[in-house]
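Understanding the architecture of this molecule
The residues making up each chain are set out below.
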Amino acid sequence: MEDFNSETDSDYTSYWKDWFISSRGNEYFCEIDEEYLTDRFNLTGLNTEVPYYQYALDLVTDVFDLDADDDLREQIEKSARHLYGLVHARYIITTRGLSKMVDKYKRGDFGKCPRVVCEGHPLLPMGQHDIPNMSTVRLYCAKCEDIYNPKSSRHAAIDGAYFGTSFHSMLFQVYPALIPEKSVRRYEPRIYGFRVHATAALARWQDQYREEKKACLREAGIEIKYAEDTEEEEELEDDDEDEEQAVEAKEEKSLGDAASGRMDLGN
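Residues numbered from 1 in each chain as written. Predicted model: local features only at pLDDT ≥ 70, side-chain atom pairs only at ≥ 80, totals over all residues. Heavy atoms only, no water.

For the chain, an unreviewed UniProt entry supplies the name Casein kinase II subunit beta and the organism Aspergillus tanneri. Its UniProt record gives the chain a comment under Sequence similarities (unreviewed entry), which states: "Belongs to the casein kinase 2 subunit beta family." Quoted straight from UniProt, the Function (unreviewed entry) entry for the chain says "Regulatory subunit of casein kinase II/CK2. As part of the kinase complex regulates the basal catalytic activity of the alpha subunit a constitutively active serine/threonine-protein kinase that phosphorylates a large number of substrates containing acidic residues C-terminal to the phosphorylated serine or threonine." (UniProt positions renumbered as here; feature names shortened; annotations may be inferred.)

1. Notes on the overall build of the chain
When helices and strands are tallied, the chain shows 9 helices and 5 strands. Along the chain direction, N to C, the helices and strands of the chain fall in the order α-α-α-α-α-β-β-β-α-α-β-β-α-α. By residue count, 33% of the 267 residues in the chain fall in the buried class. Partitioning the contacts of the chain with sequence separation of at least 6, the portion at a separation of at least 24 is 57%. Looking at the chain as shown, the accessible area adds up to about 17900 Å², and 50% of this sits on carbon and sulfur atoms. (Helix = DSSP H or I, 4+ residues; strand = E, 2+ residues; numbered from the N terminus. Buried < 20%, exposed > 50% of the residue type's maximum accessible area, 1.4 Å probe, protein only. Contact = heavy atoms within 4.5 Å. Areas by Shrake-Rupley, 256 points an atom, 1.4 Å probe, with all protein chains shown as cover.)

2. Looking at helix α7 (residues 167-174)
Those residues of α7 that sit buried are Phe 167, His 168, Leu 171 and Phe 172. In an axial view of α7, the angular spread of the buried residues amounts to 130 degrees, which keeps them on one side of the axis. Those residues of α7 that are buried lie in contact with α5 (95-107), β1 (124-126) and β2 (138-141). (Arc of directions from axis to C-beta.)

3. As for the side chain of His 155
Mapping His 155 onto the fold places it in helix α6 (residues 153-156). Leave out the neighbours within four places in its chain, and His 155 touches Gly 25, Glu 27, Tyr 28, Val 137 and Pro 150.

4. Thoughts on the packing of aromatic side chains
For the coordinates displayed, the defined rule picks out 14 aromatic pairs. A centroid spacing of 5.1 Å and a plane angle of 10 degrees characterise the contact between Trp 16 and Phe 20, whose relative ring orientation is stacked. With Trp 16 and Phe 20 both in helix α1 (residues 16-22), this residue pair falls 4 residues apart, about one helical turn. Residue classification places Trp 16 among the buried residues on the basis of a relative accessible area of 0%. On the basis of relative accessibility, which here comes to 3%, the residue Phe 20 falls in the buried class. Summarising the aromatic geometry, the rings of Phe 29 and Tyr 84 are spaced 6.5 Å apart at their centres and angled 65 degrees between planes, so their arrangement reads as edge-to-face. (Phe/Tyr/Trp six-rings, centres within 6.5 Å; stacked < 30°, edge-to-face > 60°.)

Written out as structure tokens, the structure reads:
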């Protein structure tokens with residue numbers, strides 16, 4: 001087989017798997033054992049999902065000897081990468097595959113959680129779908145139990161199906177000692193060191209939520225009044241009555257003052 005040059009400045013290598021693993025952007029992948037790749041049982045069903053399946057398999061297992069033109073070679077190379085990714089999703093939930101991924105997890109090869117209160121906890125790659133071309137890879141933090149996008153655009157372009165939806169959960173089932181203590185800390189907003197009043201924050205959230213619901217009801221053509229609205233209307237009516245009484249009192253006083261003035265002039 002002809003030598004392949006990786007996308008990095010590393011030396012040439014005569015093994016396709018070594019080239020693939022060492023290529024920039026493929027750091028999330030682990031090396032699949034030769035015995036696993038050559039066992040046809042592990043590849044069941046993939047022949048219908050991968051174009052040029054046999055040629056791609058020959059390329060991955062380093063037995064490719066077809067004298068193909070550049071266009072065909074490029075198509076076979078693309079299929080080989082896709083085949084390796086699909087087999088990788090199956091391999092990493094085996095005992096051997098989990099062991100390799102645990103080593104990478106402990107080294108922090110998949111990055112660290114960007115959430116500040118997780119204090120740099122290592123991440124695990126995962127897919128949101130098991131079907132290819134539906135979503136790209138995500139990174140799972142076992143401490144805050146949330147998922148994040150990879151920082152690198154190269155990693156963000158990897159198909160999530162190459163890791164599957166079960167890998168990260170399977171890993172912690174097999175290695176329960178790696179399950180971190182759950183993060184219960186939350187960021188607390190403060191002003192000059194003092195916490196913002198929780199009741200006030202809750203009241204603001206309730207007011208905002210109520211206004212959003214009112215807007216939704218208005219869009220649906222439904223008019224509804226809350227008890228608070230009725231009380232507000234009553235308060236406004238009371239205020240209006242008070243203002244009217246104040247105006248009337250002021251007018252009466254003005255008339256009284258005017259009458260007093262005329263009496264003084266008469267005298």
